[in-house]
Amino acid sequence: MAACGEGSLTANGPVPAPTLSAVAAAVGNVEYTVVNLAENGTADQNSISPQGKVIFNMVNLPGTGGASRFTGSYYDGTRIYPVLDTLGLVSAVNDAGQVVGTRLSNGKLRQFIWTVAGGASDFLPEAETNGAAVDINDAGEVAFQIEDAEVPSKQLLYRWKNGVASAVSGFANGTSLGMLKINAEGAIAGDFLATVPAPAGLNTEVHGYVWKDGSIKDLGIVGQRQADLSYSTEVKNLNDSGQVVGNATTFNLVTRTRSTQAFAWTPQSGKMNTLGSLRADKTGTSVAIHSNNLGQVVGNAVTDSGALHGYLWTEADGMIDLTPGAANSEAWAVNNLGQVVGYFGLSPQAASGFLWSAAEGLIDLNTRTPRALRDAGLRILAGIAIADTGSILAASNTGLVLLSPGVPSASAPSIGPINGNIVLATGTPLNLSATFVDADVADTHVAQWTWGDGTSASGALTESGGTGTVSGSYTYPNPGIYKATLKVTDNAGRYAQVSQDIVVYDPAGGYVTGGGWIQSPSGAYRADTSLSGRATFGFVSKYERGATVPSGHTQFRFISAKFGFSSTSYDWLVVAGARAQYKGSGALNGVDGYKFILTAVDGDKIGQADRFRIRIFHTSPDTGEDVVDYDNQTTSGTEGTSSEGTLVNGGSIVVHKS
């Protein structure tokens, strides 16, 4: 990655900085403690408070049958607390450890606040309609929405303060289901449906707003209204000085083209100003994702080469490319010290999480994790959120982790990924191992393997000076896809755990097997094409002797999208050389009625890396046409070839002879 040019900020603007390898070497003595939070954990910029309180949602995806469940958790720096014991999501946390979220109760979505000492309390009586709690400030004021009882498509804005929930009035058409933010002054920002003049009378547009002390300000549009354009706004953040950032989109009614640029609005200017892009002429797409109390904004913007890069914008220096030499990057969050996190890489499959600051430039987060975990295969894929303490929520190949600078005391052990023969035949011993690191070097540990078929066993453990390895062996009697889990516990009862899908096939009838993970590219998940990240898979497809349709099971999980697919039946299987493809039906997040086509390439047979593609779709009841829900083949030209799909980052695919 030394070929990627990096940038630093000075008082005079952007200047060249050392290559990534040189920067990493200069700060190599700084190391993060890694806390394993959840294999299937999800988080966003609201998931960490300025002083490092953490929330995350567990995506408990089913095996064969069953439904997905989303439950929230809270981490105070010492232990993980379950916030929910029922279906629901947590959405924001403050420095006092107050958590807000939404849970399912008696068939309705209830908005609640939770603390370690007091548990969960709803904001409104049980009889109120569905809604969602979105944000909380450090004073404990909450912004949330509920459905209008008379018009369910309308969302009504509420504020909770000093234990009392009250409706915020003034929206003729109700608020939308977009982002809600509440700042330290109790101001609330979000999106609402504004009525505007149109050639045929009146029309509605999505506009941003700021509510404060009983007054509502419509942020309006960028520039002067033009008759051949329609306008919409997406609010992303509100800081403590009242600055609102978001994205302004115009749609040309004549040419049918769309244009989006990031904007900033301040009470002083009273209008939305676009932030430009990373092109020399400042045209082209830009997207705001997050901002801080200094007025700095981060997001993604188009460059002159057509790539999309992460940026930092300030009023003084404008938009600065954080990764000018990289093919792709995204900046996801910025703290109040101006430190930025995100990911960069020459391809999504080779992405690394980064930390950027004016003092140090761009740092690959993989250079700051314990070497023993790096050597064991731990990889930080993206920085998601960052606290003012420097703690970083990150996506890794073990799931969601927290990176804490320095060596905190009383911390749980950190575990790297599980390694071993994760695709194997029945009757073949499974041999797995993993490395762990404990910042408390005097701690001792025990380990437990759970094999996913109702059996478990103690792990064989060796350790010295805070670093250890755990191994385990097991022979599965039956084919299937199993989840092997390793739990390492120290002498104080603190523990961490990681999991790995294991694919077991019958060699007498098998054709294709696979298990591992890919980096799902932007555009694959059709409900939100901006999402990218780790996606896991496991599958077995084979013709039993004398059968006319194949049998087996397929699982696919795209964690960032809370997307879990499980097959229910197969239609056909075709194998040609190193390439296999099969079609079947299945359930998406526990709901039947979906179909899929999976393509697998066994790279070992042709001297290249394994590749994986899954296309999940359903039939529209209105048109009778297929509607794609997910497809990680985002470009044309390689379908039907050995280059179809996405590179397999971990695990393997094997096409077996009959």
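All figures in this text were calculated on a predicted structure; none of them were measured in a lab.

Engineer: Any chance you could explain the overall build of the protein chain here in plain terms?
Structural biologist: Within the protein chain one finds two helices and 54 strands. Buried positions account for 53% of the 658 residues belonging to the protein chain. A fraction of 48% describes how many contacts in the protein chain between residues 6 or more apart in sequence connect residues 24 or more apart.

Engineer: So what exactly am I meant to see when it comes to a negative patch on the surface here?
Structural biologist: On the surface, a cluster of negative charge is contributed by Asp138, Glu185, Asp213 and Asp240. Residue placement: Asp240 occurs in the loop between β20 (229-238) and β21 (244-252).

Engineer: How should the nonpolar core be read in this particular structure?
Structural biologist: For soluble globular proteins, nonpolar side chains are generally found buried alongside one another. Among the nonpolar cores identified, the biggest contains 29 residues, and Val512, Phe539, Phe556, Phe563, Phe612, Ile616 and Tyr630 are the most heavily contacted of them. Of all the elements in the fold, those that place two or more residues in this core are β45 (510-520), β46 (533-542), β47 (551-558), β48 (563-576), β49 (579-588), β50 (591-601), β51 (611-619) and β54 (650-655). Tyr630 has contacts with Ile518, Ser520, Ala524, Tyr525, Arg526, Phe556, Phe558, Phe563, Ile614, Arg615 and Ile616, leaving out every residue within four places of it along the chain. Membership of the second largest hydrophobic core comes to 28 residues, among which are Ile422, Ala434, Ala484 and Val503.

Engineer: What is the right way to read the pairing of strand β32 (residues 380-386) from this model?
Structural biologist: Both faces of the sheet carry side chains from a regular strand, because those side chains alternate between them. Buried residues dominate β32, accounting for seven of its seven residues. Across five bridges, the pairing between β32 and strand β33 (residues 392-396) is antiparallel. Looking at the pairing, Gly383 lines up with Ala394 of β33. Between β32 and β33, which follow one another and run antiparallel, lie five residues, and Gly390 among them has a positive phi close to 95 degrees.

Engineer: Just to check I follow, could you spell out the sheet that holds β32 for this structure?
Structural biologist: Spatial ordering of the open sheet is given by β3-β34-β33-β32, a layout of four strands whose pairing is antiparallel. Two strands bound the open sheet, and with one partner strand each, they are β3 (32-38) and β32. Along the sheet, successive strands turn relative to each other by an average axial angle of 30 degrees, direction set aside. Both β33 and strand β34 (residues 399-405) contribute to a ladder of five bridges, which runs antiparallel. What sits directly across from Ala394, in β34, is Val401.

Engineer: Just to check I follow, could you spell out unusual backbone geometry for this structure?
Structural biologist: Trans is the prevailing form of peptide bonds, just as negative phi is the prevailing case for residues other than glycine. Phi at Asp213 is positive, roughly 50 degrees, even though this residue is not glycine. With a relative accessible area of 66%, Asp213 lands in the exposed category.

Engineer: Explain the pattern of salt bridges to me, please; I cannot follow it from the model alone.
Structural biologist: Any two side chains of opposite charge can pair, on the condition that their charged atoms come close. Inspection of the entire model under this criterion finds 19 salt bridges. One salt bridge in this structure joins Asp281 and Arg279, with 3.3 Å as the shortest N-O distance. We note a salt bridge from Arg368 to Glu360, for which the minimum N-O separation is 3.0 Å. Given the relative accessible area of 4%, Arg368 is considered buried.

Engineer: Would you take a moment to explain the sheet that holds strand β15 (residues 164-167) for this structure?
Structural biologist: To summarise the sheet geometry, strands pair through backbone hydrogen bonds and adopt either a parallel or an antiparallel arrangement. Here we have four strands laid out as an open sheet, ordered β12-β13-β14-β15, and antiparallel in their pairing. The open sheet has two edge strands, β12 (131-136) and β15, and neither has a second partner. Each adjacent strand pair in this sheet contributes to an overall mean axis angle of 25 degrees, direction not counted.

Engineer: Would you explain the pairing of strand β30 (residues 352-357) in this entry?
Structural biologist: Taking burial as the measure, the six residues of β30 include six buried ones, the bulk of the element. Of the two faces of β30, both are covered, the one formed by Ser352, Phe354 and Trp356 as well as the one formed by Gly353, Leu355 and Ser357. Two strands pair when backbone bridges link them, and strand β29 (residues 340-345) and β30 are joined in this way by five bridges, in the antiparallel orientation. The residue of β30 that forms the bridge with Val340 is Trp356. Summarising the sheet, β30 and strand β31 (residues 361-364) pair through four bridges and their orientation is antiparallel. Residue pairing across strands places Trp356 opposite Leu362, the latter belonging to β31.

Engineer: Mind showing me how you'd approach the confidence of the model for the protein chain here?
Structural biologist: When pLDDT is low, close inspection of the predicted coordinates is not appropriate. Averaged over every residue, the pLDDT of the protein chain is 86; the share at 70 or more is 88%. Put simply, strand β1 (residues 7-10) is where the protein chain has its lowest mean pLDDT, 25, and strand β39 (residues 445-450) is where it has its highest, 98. The low-confidence segment residues 1-28 (pLDDT under 50) makes 58 contacts with residues lying over four places distant or belonging to another chain. Predicted confidence for residues 61-68 stays below pLDDT 50, and this span has 23 contacts to residues more than four positions away or in other chains.

Engineer: So what exactly am I meant to see when it comes to the environment of Ile614 here?
Structural biologist: Its place among the elements puts Ile614 in strand β51. Judged by its relative accessible area of 0%, Ile614 falls in the buried class. For Ile614 and Ala524, which are 90 residues apart along the polypeptide, the C-alpha to C-alpha distance reads 9.8 Å. Not counting the four nearest positions on each side in its chain, Ile614 is found in contact with Thr554, Phe556, Phe596, Ile597, Leu598, Tyr630, Asp631 and Asn632.

Engineer: I'm lost on the packing of aromatic side chains in this one. Help?
Structural biologist: What describes a pair of aromatic rings is the distance from one ring centre to the other and the angle between the planes of the rings. Counted by the stated rule, this structure contains 29 aromatic pairs. Taking 5.7 Å as the distance between ring centres and 75 degrees as the angle between the ring planes, the aromatic pair formed by Trp332 and Tyr343 counts as edge-to-face. Placement of the pair is Trp332 in strand β28 (residues 328-334) and Tyr343 in strand β29, with a sequence separation of eleven residues. According to the relative accessible area criterion, Tyr343 is buried, its value standing at 7%. When the centroid spacing of 6.2 Å and the interplanar angle of 25 degrees are considered together, the rings of Phe539 and Phe612 count as stacked. Taken together, the residues Phe539 in strand β46 and Phe612 in strand β51 connect sequence positions 73 residues apart. When its relative accessible area of 1% is taken as the criterion, Phe612 is described as buried.

Calculation criteria
- Residues numbered from 1 in each chain as written.
- Predicted model: local features only at pLDDT ≥ 70, side-chain atom pairs only at ≥ 80, totals over all residues.
- Heavy atoms only, no water.
- Helix = DSSP H or I, 4+ residues; strand = E, 2+ residues; numbered from the N terminus.
- Buried < 20%, exposed > 50% of the residue type's maximum accessible area, 1.4 Å probe, protein only.
- Contact = heavy atoms within 4.5 Å.
- Patch = residues over 30% accessible without salt bridge, like charges linked within 9 Å, V, L, I, M, F, W, Y side chains within 5 Å.
- Areas by Shrake-Rupley, 256 points an atom, 1.4 Å probe, with all protein chains shown as cover.
- Salt bridge = Lys/Arg side-chain N within 4 Å of Asp/Glu carboxyl O.
- Lys, Arg positive; Asp, Glu negative; His and termini not counted.
- Charge placed at Lys NZ, Arg CZ, Asp CG, Glu CD.
- Core = buried A, V, L, I, M, F, W, Y, C linked by side-chain atoms within 4.5 Å.
- Pairing = 2+ DSSP bridges.
- Axes fitted to C-alpha atoms, helices over the stretch in contact; angles between N-to-C directions.
- pLDDT = per-residue confidence, 0-100.
- Phe/Tyr/Trp six-rings, centres within 6.5 Å; stacked < 30°, edge-to-face > 60°.

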